[in-house]
Amino acid sequence: MERNLTLITVFAALIVVLGLVPAIPLGFGVPITLQSLGVMLAGAVLGSWRGALAVLLVQGLVALGLPVLAGGRGGLGIFVGPTAGFLIGWLPAAFVTGFIVERIRALPVAVAAGIGSVLGGIGVLYALGIVGFWLFKNAGMGPEDTPMSLWTATLIMAPFIPGDLVKAVLAGMIARTIARYRPSALIARA
Amino acid sequence: MLSLALPKRSWAHKLPASVKFGVLAVLMVGLMQFGTLTGQLIGLALAAGLTLSLGLTASKIALQALRPVLWIVAVIVIWHFWQREFSQGAVFGIRVVAMVGLANFVTLTTPLPEIIALVERLAQPIRHFGLSPRLPALAVGLVLRFIPELRARYAAMTDAWRARSPRRPRTKLVAPLAFSLLDDADHLAEALRARGGIAPLPTRRDQHGT
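Residues numbered from 1 in each chain as written. Chains lettered and ligands numbered in written order. Predicted model: local features only at pLDDT ≥ 70, side-chain atom pairs only at ≥ 80, totals over all residues.

Chain B goes by Biotin transport system permease protein in an unreviewed UniProt entry, where it is assigned to Rhodobacter aestuarii. Turning to chain B, the UniProt record has this under Sequence similarities (unreviewed entry): "Belongs to the CbiQ family." Comment text from UniProt for chain B, heading Subcellular location (unreviewed entry), reads "Membrane". (UniProt positions renumbered as here; feature names shortened; annotations may be inferred.)

Taking an unreviewed UniProt entry as the reference, chain A is identified by name as Biotin transporter belonging to Rhodobacter aestuarii. Its UniProt record, at the heading Sequence similarities (unreviewed entry), says of chain A: "Belongs to the BioY family." According to its UniProt record, chain A has this under Subcellular location (unreviewed entry): "Cell membrane".

Printed below as a string of structure tokens:
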């Protein structure tokens, strides 16, 4: 019980600290931070429930007004802005990543964590993020306004996907390193 | 770790946190219903008026807190103006600034201990799941204590890497950092158990340990 709490706590801290690592600029001014790598790792290493709770703790810190997101962002504003879906989506993202590592035991850790990160950390995350943005954009429109299509919303968010694919591969490799040198540490499969 | 709340007391600091959060929730739902420019302008005026009432220095901080959403506002507004849908672009831009501005106002005027007290009150129902309502506050306290620790460790590991290699560490330090974290989790858990653990109230069933 106590160990569950402390594992969740230290991985929440990891997600925060990875957001402070200098961002790698990607082409047209779209920055990449390692914060979403932290979310993928929380799921892959801690498993579905604990991983999701670690993310919930980080989201709680954001709501409390602490500057724990990449670039020192935080506060309730993030939850009501157009990109709120991405912040909220971290929770199911970590859960799905962990769920896949837990369930697909036939695959090597690196592959399972990589697939989990792509499905959870990218698939689920972007689905929620894009739909959230699309809903926000089209909310309260009159009959004469043309709503933005989901496709356009997807295109606007697409530049971030390549960077997240790199992070999914990294998450797989890091999970493999952890499983190799300390098998008991990969709680998702313990 | 510093909270984004303003250290200087203002009139809004005196309002109970629960009232501020409640009003904010109502305003957020309200602003999403209005697709008209007038509705959004009222929201913007409210956000600007409230922020300005905190003083100029505080307003400057509030403006800085808006920066993260500005890129997406810029993309959408430019796209709408290019499509010659001026009013839609304006409604979107103003709505983002109004909503985020109002939410930031609550964050800026509610000190951390008050929010944690509110969290503890709202967490009372988890008692029914055999968990202590103080658990969320304890987790927040632990993680806040741990973040600077972890940052310093990451910096030390980066220095050690640089002393040995001309290349940048990039993500090579994440796995060793994770190992040290897992050790910490074990030590912290032991320390918590030694101090009586995190069960809500000792019951007869728990006396022999679980």
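## Concerning the overall build of chain B
Scanning chain B from terminus to terminus reveals seven helices and zero strands. Start at the N end of chain B and walk to the C end: the helices and strands fall as α-α-α-α-α-α-α. Rg of the C-alpha trace for chain B: 23 Å, well past the compact-globule value of 17 Å for 210 residues, more than 25% over. Each of the three principal axes of chain B carries a C-alpha extent, and together these read 65 × 55 × 35 Å. Here chain B holds 210 residues, and the buried ones make up 28% of them. Within chain B, counting contacts between residues at least 6 apart in sequence, those at least 24 apart form 68% of the total. (Helix = DSSP H or I, 4+ residues; strand = E, 2+ residues; numbered from the N terminus. Rg over C-alpha atoms; globule rule 2.2 N^0.38 Å. Buried ≥ 20, exposed ≤ 12 C-beta atoms within 10 Å, placed from the backbone. Contact = placed C-beta atoms within 7 Å.)

## Quick look at the overall build of chain A
Tallying secondary structure elements over chain A gives eight helices and two strands in all. Going from N to C terminus, chain A has its helices and strands arranged as α-β-β-α-α-α-α-α-α-α. A globule of 190 residues ought to have a C-alpha radius of gyration of about 16 Å, and chain A, at 17 Å, matches this closely. With the C-alpha coordinates aligned to their principal axes, the bounding extent of chain A is approximately 60 × 35 × 30 Å. Of the contacts made within chain A by residues no fewer than 6 positions apart, 71% connect residues no fewer than 24 positions apart.

## Focus on the interface of chain A and chain B
Between chain A and chain B, the residue contacts involve 49 residues of the former and 54 residues of the latter. For the side of chain A that touches chain B, the element with the highest residue contribution is helix α1 (residues 2-18) of chain A, accounting for 13 residues. Class assignment of the residues belonging to the side of chain A that touches chain B gives a composition of 30 nonpolar, 13 polar and six charged. (Nonpolar A, V, L, I, M, F, W, Y, C, P; charged D, E, K, R; others polar.)

## Quick word on helix α3 (residues 48-63) of chain A
With 16 residues, α3 of chain A extends 22 Å between its outermost C-alpha atoms, agreeing within 8% with the 22 Å of an ideal straight helix rising 1.5 Å per residue. In terms of burial, α3 of chain A is a largely internal element, twelve of the 16 residues being buried. If you check which residues of α3 of chain A are buried, you get S48, R50, G51, A52, L53, A54, V55, L57, V58, Q59, L61 and V62 of chain A. The inward-facing, buried residues of α3 of chain A abut α1, α2 (35-46), α4 (77-80) and α5 (84-103) of chain A together with α6 (135-164) of chain B. Positive backbone phi, at 95°, marks G65 of chain A, one or two positions downstream of α3 of chain A. (Expected span 1.5 Å × (residues − 1).)

## Looking at the UniProt feature "transmembrane region" (unreviewed entry) in chain A
Residue and element names in this part refer to chain A. Those places that UniProt annotates as "transmembrane region" (unreviewed entry) correspond, in this numbering, to residues 76-100, 107-136 and 148-170. Counted over residues 76-100, helix gives 84% and strand 0%. Its end C-alpha atoms are 31 Å apart. Taken end to end, residues 148-170 is 78% helix and 0% strand, and its two terminal C-alpha atoms sit 34 Å from one another.

## Overview of the domain arrangement of chain B
What the domain assignment lists for chain B is domain 1 (11-122) and domain 2 (126-199). Between the C-alpha centres of domain 1 of chain B and domain 2 of chain B there is a distance of 33 Å. (Domains from an automatic or database assignment.)

## Notes on the UniProt feature "transmembrane region" (unreviewed entry) in chain B
All names here are of chain B. When the UniProt feature table is mapped onto this chain, "transmembrane region" (unreviewed entry) is found at residues 21-49, 61-82 and 89-108. A distance of 18 Å separates the end C-alpha atoms of residues 21-49, which is 90% helix and 0% strand. Overall, residues 89-108 shows 100% helix and 0% strand. The separation of its end C-alpha atoms is 28 Å.

## Here's the deal with the environment of T171 of chain B
Here T171 of chain B is to be found in the loop between α6 and α7 (174-194). Considered as a pair, T171 of chain B and V26 of chain B are 145 residues apart in the sequence and their alpha carbons are 43 Å apart. Discounting residues that sit within four places of it in the chain, T171 of chain B has contacts with L34 and L170 of chain A.

## Quick notes on the confidence of the model for chain B
Mean pLDDT over chain B stands at 83; residues scoring 70 or higher make up 93%. Interface confidence for the predicted complex, expressed as ipTM, amounts to 0.86; the pTM equals 0.83. (pLDDT = per-residue confidence, 0-100.)

## A short note on the environment of I88 of chain A
All names here are of chain A. Assignment of secondary structure puts I88 in helix α5. Judged by the 18 C-beta atoms lying within 10 Å of it, I88 falls in the partly exposed class. It is 8.5 Å that separates the C-alpha atoms of I88 and L125, two residues lying 37 residues apart in sequence.

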